[in-house]
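Coordinate inspection notes
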Amino acid sequence: MKKTLLISALALTTGFTQLASANEHAAPQAQAWTLQQWHQTQNNIPNGNISKGAELHKQALCMTCHGENGVAPSRNAPSLAGNNIDYTFKTLKDYQSGLRNEGHGKSAVMIAAAQSLTQQDMADLAYFYAEQTLQSKAPAQALSSSTERLVRKGDVKRMITPCASCHGVHGEGNEITPALAGQTAHYFIRTMKAYKIKHRTNDINQGMGQFTHDLTDEEIHALADYYASLSK
Amino acid sequence: MNKITRRDLIKLFGTTALSTGLMGASSLAFASKSAHIVIVGGGVGGAASAKYMRLLNPDVRITIVEPEPKYIFCPGSNEVVADFDTLESLTVDFNTLKSRYAVNIIQDRATEIDYAAKKLKLAKGDVLSYDKLIVSPGPDFKYDAVEGFSKQLAEGNFPAAWHAGPQTLVLRDQINALPQGGTVLITSPVDPYRCPPAPYERASFIANKLKTVNPTAKVIILDSKDDFIFHDVYLDYWEKMHGLGTPDARIEWISKKSGGHVTKLDTKNRTLTTANGQVHKGDVINIIPPEMAGSFVRMNGLSEGDWAPFNSKDFSTKRDKDVYIIGDSAAADPMPKTGYIASNQAKVVTKAIHAELTGKDIGTPFITNNCVALAADDWGMTVAETFRYAGNNKPFEESYIMSDPTKNPFYRHIRAEVAKNWQRTFRKDIYS
Amino acid sequence: MKKLLLLSAVTGLTCMLQAPASFALTGGISAEENAKLRAEYPMPSAEMLGDNCSACHGTNGAEFNEAMPPLAGMDKNNFIKLMKEYRENKFPSIVMHDVAHVFSDEEIEAMGDFFAKQKPEQWTRPDWNKSIKQHAEEHSHE
Ligand SMILES: Cc1cc2nc3c(=O)[nH]c(=O)nc-3n(C[C@H](O)[C@H](O)[C@H](O)COP(=O)(O)OP(=O)(O)OC[C@H]3O[C@@H](n4cnc5c(N)ncnc54)[C@H](O)[C@@H]3O)c2cc1C
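Note that the structure is a prediction, hence the values are computed from the model and not measured.

For chain B, the count of helices and strands is 11 helices and 22 strands. Taken over the C-alpha trace, chain B has a radius of gyration of 23 Å; the compact-globule value for 432 residues is 22 Å, and the two agree within 12%. Projected onto its principal axes, the C-alpha positions of chain B cover 75 × 45 × 35 Å. Put simply, chain B has 432 residues, and 65% of those count as buried. Considering only intrachain contacts with a sequence separation of at least 6, the fraction spanning at least 24 residues in chain B is 66%. Surface accessibility of chain B: about 14800 Å² in total, with carbon and sulfur atoms responsible for 51%.

Here's what the structure looks like:
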């Protein structure tokens, strides 16, 4: 996989400018973020153009997997609609650099999809997704007491901070903390397990990783169902 | 509760081959009246037949006859030639077919069919009785189409590498040892041959590699055709990446019209001579010979001309309705000779056999082919072909859509990744 | 594969309008001829159609952990909607327009039923030896 990145940097120099110009950030930067580096990048996120983002969503093939307006068509891909600009931007950068690479075909194809995105493209897409709304497809859930505790109170014994303290009381997220409301349950479970076994390590200071170590599969499934039932 | 004795087993399988490892799946306890499906070849077509037969029918006895202990996939072997994948990752064994799908594996070569007695003879002397025989032994190569070339040379210093294995590694090592500024000659055969885009994929991979390690070296494709699949995409790629059409081009394609058809190999001077008398010198010479049906097919009267004809409804041979032909040996034009096709033909044959055994109608066959080919690790292209049934004595009717040289980089990148994913899903669909 | 590559003006044009970035090369029999052949013979069974997808989407559509989405257990209506959108080339796709353009409504519905019935899980390891043994015992009259 790592080899792919090097070779694609070469291919980009042939310059297809119709959709994306050669990208100055295509070189591998698969090093973990420091908070400072992220803040610097965050401050320099270009202003996104929503209608360009909408067009790119189609032409760059994002739509065929992530659905119309970024609402996932099935259990396979995550929904992107309604997520926060900073989170989407950072995630696309992480795919481009290879920092986010869970080691299966699903992340490999995202790495490929991100290769020819410019900073401006990423911003256009991020602004576009942030503008969309995501209606829950799952029926409303009666929250079990143990899930509610994890979401609102956490679990001191296992050093689990309440999810809501970062992801918001309605799962709406904030800046680089992603929205979880309405997220595809299958994807939610897949990515939580990837954090748990350290296959997903692109989070700053491995913040998310820490909360997943001690969660059981049952807890992860219950959390996935709960968040899937929220709308944003 | 019935104990099965050795004598019962001999009765069941109608053979004395128990000692040769016939009982690979040791816990088999079949009803003695169940049909015996025997398969010649444990490659793509044969293995897919075994697995999909079992998915349909828990009763039948299934036996694969295959001389090799393992199977090495061809898709992905061009990557090995250019040294960015290994043969190990393309190699599968038959353990899952044995243990999960209760398939018997006999490590031997099938030699002769006794059509009247419905028996199959094997090289080591064993004889198997079959109710249905599925034949998928892959192609044989016409080495003598190029004067001076031979099987021995292919297994020596002039690898064809058109069946993944030792020759693939010899070719890889020769490319790695190519002198600075050296020349690689690749011949591309007349149609039909297995995997139509693969010679051009191979040429591209080699040129890509040379670009970094040996930038003044050159790849020349000497073609026995004037056109090939994905022609426009490959030419576009070669122009953009390897200066095709300029004096310093790293890759050159010489069509049949322009004198590309090779007739003669001179091993001493390492040259190839073409039909119009041109002589090309190569530091590495990779002759991809023209093909014909495997020798088992030709020796048993299953072929007419180079390939074996069949009834379109169920792929039973014209020679015998209980003997089926699939894969590269079949006269399946307009279907290309690909693994994808071989595996889908296997899915049709097994449905036909299952329908017949259970007294049902076979139904209308339907087959697709999807080729996901590469020019580079991040430059992919696809073709989707559909084959509709048009009558038992007629060839299937084809329609297709394929990639053109797109300006959209997302197509190329994402299709390239899908191609790599496909190699894995394809292997899993057949052997897991 | 027929060697004659026709750049179909019609398809090229419609593709351009909807998906300007790529218009593909098409060939072989026309959509009308395809429809004629479909009408002439009984529809292939759902398994016959659906098994053509498994080299990409997994055996019976099961999850193989790859980029190609699993189809097993997919909601039937959702499947039909997507397949028709691919067929009509509603938006650019990686391969699915090229795959879907030949299917009739009935064929799509049959495949939708077929995949909806499959278990949405990883390709598991059914122990066929065990089930065969069981089967043989049930059917043994000796
Ligand atoms: C470089 C290259 C790249 C390719 N890439 C692709 C690709 O990307 N996609 C694709 O779909 N296809 C690809 N192919 C083509 C694909 O490999 C073949 O079409 C496919 O393997 C054909 O299947 P088969 O069952 O007919 O033959 P094989 O897979 O070759 O299997 C035949 C088996 O039969 C055995 N056998 C032979 N004779 C006997 C006998 N007498 N008794 C018993 N066993 C016997 C052999 O040992 C062998 O294991 C590629 C081929 C090459 C060369």
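Structure's up, so let's keep going.
What follows deals with unusual backbone geometry. Cis rather than trans, the peptide bond between B:D191 and B:P192 has omega equal to -10°. Tracing the chain through its elements places B:P192 in the loop between strand 11 (183-188) and helix 7 (198-213). Of note, the bond from B:D333 into B:P334 is cis; its omega dihedral lies within 30 degrees of zero at 10°. Looking at the secondary structure, you find B:P334 in the loop between strand 19 (323-325) and helix 10 (339-357). One non-glycine residue, A:L61, lies in the positive phi region at around 75°. Along the polypeptide, A:L61 turns up in the loop between helix 3 (50-59) and helix 4 (62-66). One non-glycine residue with positive phi stands out, namely A:N69, at about 55°. Note that A:N69 resides in the loop between helix 4 and helix 5 (85-97).

This part is about the confidence of the model for chain C. Keep in mind that low pLDDT regions are not for reading the predicted coordinates in detail. All names here are of chain C. In this model, chain C carries an average pLDDT of 79, and 70% of its residues clear a pLDDT of 70 or more. Residue range residues 1-22 is modelled with pLDDT below 50. Its contacts to residues more than four positions away, or to other chains, number 47 contacts. Of the two predicted TM-score estimates for the complex, the pTM is 0.90 and the ipTM is 0.89.

Strand pairing in a sheet relies on backbone hydrogen bonds. The paired strands run either parallel or antiparallel. Residues and elements named next belong to chain B. Taken together, the five strands give an open sheet; going across it, the order is 5-2-1-9-19, and neighbouring strands pair in parallel fashion. Two strands in the sheet have a free side with no partner beyond their single neighbour: strand 5 (103-106) and strand 19. Across the sheet, the mean angle from the axis of one strand to that of its neighbour is 20°, orientation sign disregarded. With five bridges connecting them, strand 1 (residues 36-40) and strand 2 (residues 61-65) associate as parallel partners.

This part is about the environment of A:N202. Residue and element names in this part refer to chain A. Topologically, N202 is positioned in the loop between helix 10 (185-196) and helix 11 (207-212). Non-local contacts of N202, meaning those with residues more than four positions away in its chain, are made with W33, K90, D94, L99 and R100. Side chain to side chain, N202 and D94 meet in a polar contact 3.0 Å long.

Rules used in this analysis
Residues numbered from 1 in each chain as written. Chains lettered and ligands numbered in written order. Predicted model: local features only at pLDDT ≥ 70, side-chain atom pairs only at ≥ 80, totals over all residues. Heavy atoms only, no water. Helix = DSSP H or I, 4+ residues; strand = E, 2+ residues; numbered from the N terminus. Rg over C-alpha atoms; globule rule 2.2 N^0.38 Å. Buried < 20%, exposed > 50% of the residue type's maximum accessible area, 1.4 Å probe, protein only. Contact = heavy atoms within 4.5 Å. Areas by Shrake-Rupley, 256 points an atom, 1.4 Å probe, with all protein chains shown as cover. pLDDT = per-residue confidence, 0-100. Pairing = 2+ DSSP bridges. Axes fitted to C-alpha atoms, helices over the stretch in contact; angles between N-to-C directions. Polar contact = N/O pair within 3.5 Å; in protein donor to acceptor, adjacent residues only side chain to side chain.

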